[in-house]
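Next come the chains, spelled out residue by residue.
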Amino acid sequence: MIKILVSACLMGHAVRYDGKAKPLLHPALERWQREGRLVTICPEMSAGMKVPRPPAEIAAGMNGEDVLSGTARVLEITGGDVTDGFIEAADNALNLALHSGCTFALLIDGSPSCGSGFIYDGAFTGVRHAGHGVTAARLAQAGIKVFSERDIDRLVEQVDVLS
Ligand code: SF4
């Protein structure tokens with residue numbers, strides 16, 4: 001069966017840094033849930049991060065691949081360096097995906113962990129750039145096809161073709 005790793009906040013879990021969820025209402029999600037295709041994780045919480053927590057961004061306009069290669073850091077708005085926790089979060093997500101047989105991931109965009117289309121530039125001013133968060137990068141490097149919530153219709157097409 002095709003299985004899909006999904007960001008917990010998209011499933012309505014209040015796990016974001018600000019203590020909120022960002023639920024995605026889409027009939028395919030409800031159907032996939034009934035079919036047992038969804039594997040839900042909040043990578044950051046899996047690495048022990050609390051709710052709420054200070055917002056964090058990948059510093060200096062870099063991306064998740066840079067963090068994984070050791071050339072970029074993830075910093076909180078308060079200045080704390082949370083790079084190691086974000087890498088642990090990405091490893092947890094990849095391990096869960098591999099152990100549960102997920103070949104796709106549906107992740108919320110903009111997050112320094114889950115972002116797959118865009119992330120923020122590290123200045124905490126709302127400026128975006130194209131790129132992966134750390135978890136999205138880890139999953140993509142392992143061959144898992146990552147989609148943002150804005151691309152769910154494209155994901156639906158691919159899952160339907162393979163099912
Ligand atoms: Fe949502 Fe991912 Fe951030 Fe967890 S790490 S709150 S699942 S965007």
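This report concerns the structure included in the present document. (Residues numbered from 1 in each chain as written. Predicted model: local features only at pLDDT ≥ 70, side-chain atom pairs only at ≥ 80, totals over all residues. Heavy atoms only, no water.)

A few points about the site of the ligand
Phase 1 of the analysis: Lining the immediate environment of the ligand, one finds 14 residues, of which Cys9, Cys42, Glu44, Ile108 and Cys114 sit closest.
Phase 2 of the analysis: In this structure the site holding the ligand corresponds to the largest pocket.
Phase 3 of the analysis: Classifying every residue of the shell around the ligand gives eight nonpolar, three polar and three charged. (Near = heavy atom within 4 Å. 1 Å grid on protein atoms, 1.4 Å probe; cavity = no way out; pocket = protein on both sides within 12 Å on 5 of 7 lines; lining within 4 Å. Sits in = over half its atoms within 2 Å of the grid points. Nonpolar A, V, L, I, M, F, W, Y, C, P; charged D, E, K, R; others polar.)

Some remarks on the pairing of strand β1 (residues 3–7)
Phase 1 of the analysis: Buried residues dominate β1, accounting for four of its five residues.
Phase 2 of the analysis: Here β1 pairs with strand β5 (residues 102–107) via four bridges, running parallel. Within the sheet, the bridge partner assigned to Ile4 lies in β5 and is Phe104.
Phase 3 of the analysis: Sheet analysis places β1 next to strand β2 (residues 38–41), joined by four bridges and oriented parallel. Across the sheet, Val6 pairs through a bridge with Thr40, a residue of β2.
Phase 4 of the analysis: Tracing the backbone out of β1, into helix α1 (residues 27–35) and back to the parallel element β2 gives a crossover that is right-handed. (Buried < 20%, exposed > 50% of the residue type's maximum accessible area, 1.4 Å probe, protein only. Helix = DSSP H or I, 4+ residues; strand = E, 2+ residues; numbered from the N terminus. Pairing = 2+ DSSP bridges. Right-handed = clockwise from strand over helix to strand, strands pointing away.)

As for the layout of surface pockets
Phase 1 of the analysis: By volume, the largest pocket amounts to about 570 Å³.
Phase 2 of the analysis: Lining the largest pocket are 33 residues, and of these Arg16, Tyr17, Glu44, Ser111 and Pro112 sit closest to its centre.
Phase 3 of the analysis: Broken down by secondary-structure element, the contributors of at least two residues to the lining of the largest pocket are α2 (43–46), β3 (56–58) and β6 (118–120).
Phase 4 of the analysis: Class assignment of the residues belonging to the lining of the largest pocket gives a composition of 19 nonpolar, four polar and 10 charged. (Points joined across faces, edges and corners; volume = space filled by probe spheres on them.)

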